[in-house]
Every structure is written in structure tokens, then in C-alpha cells.
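Examining the three-dimensional arrangement
Read off the chains here:
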Amino acid sequence: MADYPPPKHVHRDLHIEVDQREELPQAEGAQRGEAERRSVLPIVRAPVVRELLGPDGAVRAGALAVPLDVFGGNLAVEAAAPDWALTAQLELHVLSPLREGTITVSGRPLRAGKTNLVAEARIDASDDARLRGDAPCAVGRLTFTRVPVRGGEPPRARRGGLLYGFADGGEKFEQPFHDAIGLRALDPAAGAVELALVPYVVNSVGALQGGLVVALADASAERAGRALLAREVVTTDLSVHFLALGKEGPFRTRATRLRSDAETALFSVEILDAGQEERLMAVATARIARVR
């Protein structure tokens with residue numbers, strides 16, 4: 001997609017900034033030749049604003065997933081070059097509430113093999129916390145499938161040595177995160193929510209942005225958990241497997257309870273592309289916890 005992201009887009013409203021100025025050695029296990037090369041490990045930042053906060057006053061897991069996905073995409077494209085990489089799995093574990101500051105995503109590749117890439121990430125509330133080695137607010141792990149170049153791919157993300165942002169100036173959320181992306185609740189008790197494919201939520205190839213796939217799983221589990229426990233809840237742990245690109249929409253979810261107690265519940269979530277004959281595009285497990 002040329003001129004990505006479009007003028008009105010979630011990346012712009014998030015004021016995402018990508019810092020590719022730091023050069024560090026590549027991961028152990030990289031192929032010969034690659035191991036000798038110095039690679040750029042991006043740091044992705046986004047300010048905490050009230051529109052991203054959930055019922056506990058902290059940034060929603062689904063909102064954290066968007067800059068996490070941007071981090072993973074930048075890292076994977078660099079590590080896979082000249083090939084491309086598609087997200088196969090994303091895990092996100094919230095360790096402590098992130099209520100203020102700057103969402104700061106950093107990490108490193110664990111493996112850059114012939115068929116897949118694996119990276120780990122941490123999310124902090126500031127660069128200072130990251131540099132001090134404080135306990136992160138959340139951790140993530142991402143797996144990518146390496147895809148050989150065939151021609152016709154979109155332009156690569158800007159390469160190392162750069163600091164750039166997606167916002168041009170005055171962009172901001174005009175409403176809470178779920179409303180801003182166009183999320184609709186269909187049947188909260190069943191974890192059924194819906195999201196249309198519009199320019200605001202697409203990735204560089206015109207499909208649903210990967211972080212928003214995770215946000216759908218988060219929203220599905222949160223609504224099913226709230227109905228089950230009859231209390232406000234937040235998602236604390238997510239593991240999402242990406243099965244197909246979301247190319248048509250609307251995207252719909254359904255949640256199945258796996259286990260629960262008075263304080264927590266674990267759900268299996270399916271995300272389907274209704275425009276592709278209810279094609280299963282992602283599956284997830286999500287743990288929710290009661291807000292204290």
C-alpha cells in the first residue's frame with residue numbers, strides 16, 4: 001500500500017515513533033554471514049493517553065499489542081532481508097499496570113532461521129526504566145514465517161539510522177480506543193464483537209493490522225469475562241496464532257470458557273473473516289482477571 005499509513009490511521013492517533021538508531025549484534029543462532037553483520041534493533045514508543053485505558057485505569061492489553069506488533073514487524077523485516085516475514089504467533093503477558101508515561105517496546109531476535117524468526121520483547125513505561133533494567137510492565141514473544149521475495153511487495157520500512165514518527169502533528173484519539181477502531185459488541189456473554197475493515201485499521205498490504213487482531217481477542221475475552229464474573233475485568237495474558245490475513249471483513253469473534261474461578265477465567269477465542277465465508281483467520285487463548 002503506497003503512502004502507508006493513510007492520513008487517518010490508528011498508528012497516527014497513537015503517535016507511534018520508531019527509533020532505529022541503535023545498532024547491536026544479531027542473535028545467536030543466526031546464519032553464517034548474518035552473525036557477523038550488525039543489525040538495527042528498533043525501539044517503538046507511544047504516549048500513554050486516557051483513551052487507551054481500561055477499567056483498571058491501565059493501558060488495555062489490546063492497545064499495547066499495536067506498538068508491540070509494529071516493533072516485531074520492523075525487527076522481522078530487517079532480520080529476514082532480502083526476504084519478507086509474516087506474523088505467525090504473538091504472545092503478550094501484562095505484569096503490572098502501565099498507567100502513565102510512554103509505552104516503550106524493545107527487544108531482540110532469538111533466532112533468525114531459514115523458515116522462521118523468533119523475537120522477544122519487553123514493554124516499559126519509559127526509556128529510563130528500560131535502561132535501568134527495571135522489571136517490565138509487560139513482555140511479549142513473536143514468531144514470524146520467512147517468505148521469499150517474489151516481486152510486487154510493498155516498499156520496505158525505512159531502514160536503520162533513523163528516528164521517525166507516524167503522526168504529522170495534531171492527530172489524536174477523539175474517543176476511547178475500542179470506539180476509535182470501530183469495535184461493536186454483538187453478544188457480550190458469548191464474547192462476540194465485530195470490527196469492519198476500513199483504512200483506519202489496515203496494515204501495509206491492506207489487511208487487518210496484526211496488533212488489532214490481538215485487540216479483537218482481548219475485547220472478546222474481556223466482554224465474556226465481565227458477563228461470566230459479573231465484575232469489571234481486564235485481560236492479562238494473550239497468545240494469538242495468525243492463520244490467514246484478514247482481507248475482507250467484517251471480523252467477528254466468539255469465546256469459549258476453558259476454566260474459571262471467582263477471580264479469573266481462561267477463554268479460547270476464534271476470530272473469523274465474515275467476508276471470506278467465515279474463514280478462521282486467528283485463534284487465541286486469553287486470561288482475564290477481576291479488577292480489584
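Please refer to the structure placed before this passage.
A few points on the structure. Residue positions within a chain follow its written sequence, with the count starting from 1. Where local features are concerned, this predicted model is filtered to residues with pLDDT of at least 70; where side-chain atom pairs are given and counted, the filter is 80 or more; whole-chain, interface and lining totals use all residues. Computation of side-chain values covers all heavy atoms of the structure but excludes hydrogens and water.

A short note on the pattern of salt bridges
For salt bridges, the criterion is a side-chain nitrogen of Lys or Arg within 4 Å of an Asp or Glu carboxyl oxygen. Following the criterion strictly, the structure yields 21 salt bridges and no others. Its salt-bridge partner being R146, residue D83 comes within 3.6 Å of it at the nearest N-O pair. A residue pair is termed long-range when its members are at least 10 positions apart, and D83 in the loop between α2 (61-80) and β5 (84-94) and R146 in strand β8 (residues 138-147) qualify at 63 residues. Residues D83 and R146 agree in their burial class; the two are buried. Salt bridges linked by common partners bring E17, D19, R45, D127 and R130 together as one network. Secondary structure is summarised from DSSP: a helix means a run of H or I of at least four residues, a strand means a run of E of at least two, and numbering begins at the N terminus for each. When a residue's accessible area, from a 1.4 Å probe over protein chains only, is under 20% of the maximum for its type it is buried; when over 50% it is exposed; and in between it is partly exposed.

Quick look at α2
Helix length check: α2, at 20 residues, gives a terminal C-alpha distance of 27 Å against a target of 28 Å (1.5 Å per residue), a fit within 8%. Within α2, 19 of the 20 residues are buried, which leaves it mostly tucked inside the rest of the structure. Given the number of residues in a helix, its expected span is that number minus one, multiplied by 1.5 Å.

Topic: the environment of D187
Examined against the element boundaries, D187 turns out to sit in strand β10 (residues 184-187). Assessed through its relative accessible area of 38%, D187 is described here as partly exposed. Along the sequence, D187 and S220 sit 33 residues apart, while their C-alpha atoms lie 9.6 Å from each other.

Section: the side chain of R60
When you line up the elements, R60 lands in the loop between β4 (43-47) and α2. Here R60 falls in the buried class, since its relative accessible area comes to 16%.

Focus on unusual backbone geometry
Here the bond from G249 into P250 is cis, since omega is 0°, no more than 30 degrees from zero. Relative to the helices and strands, P250 is located in the loop between β12 (233-242) and β13 (251-260). Backbone geometry at A230 places phi at a positive 55°, although glycine is not the residue there. By the secondary structure assignment, A230 is in the loop between α5 (210-229) and β12. Looking at A230, the relative accessible area reads 54%, which means it is exposed. Phi is positive for E278, which is not a glycine, with a value near 60°. Relative to the elements of secondary structure, E278 occurs in the loop between β14 (264-273) and β15 (279-290). When its relative accessible area of 39% is taken as the criterion, E278 is described as partly exposed.

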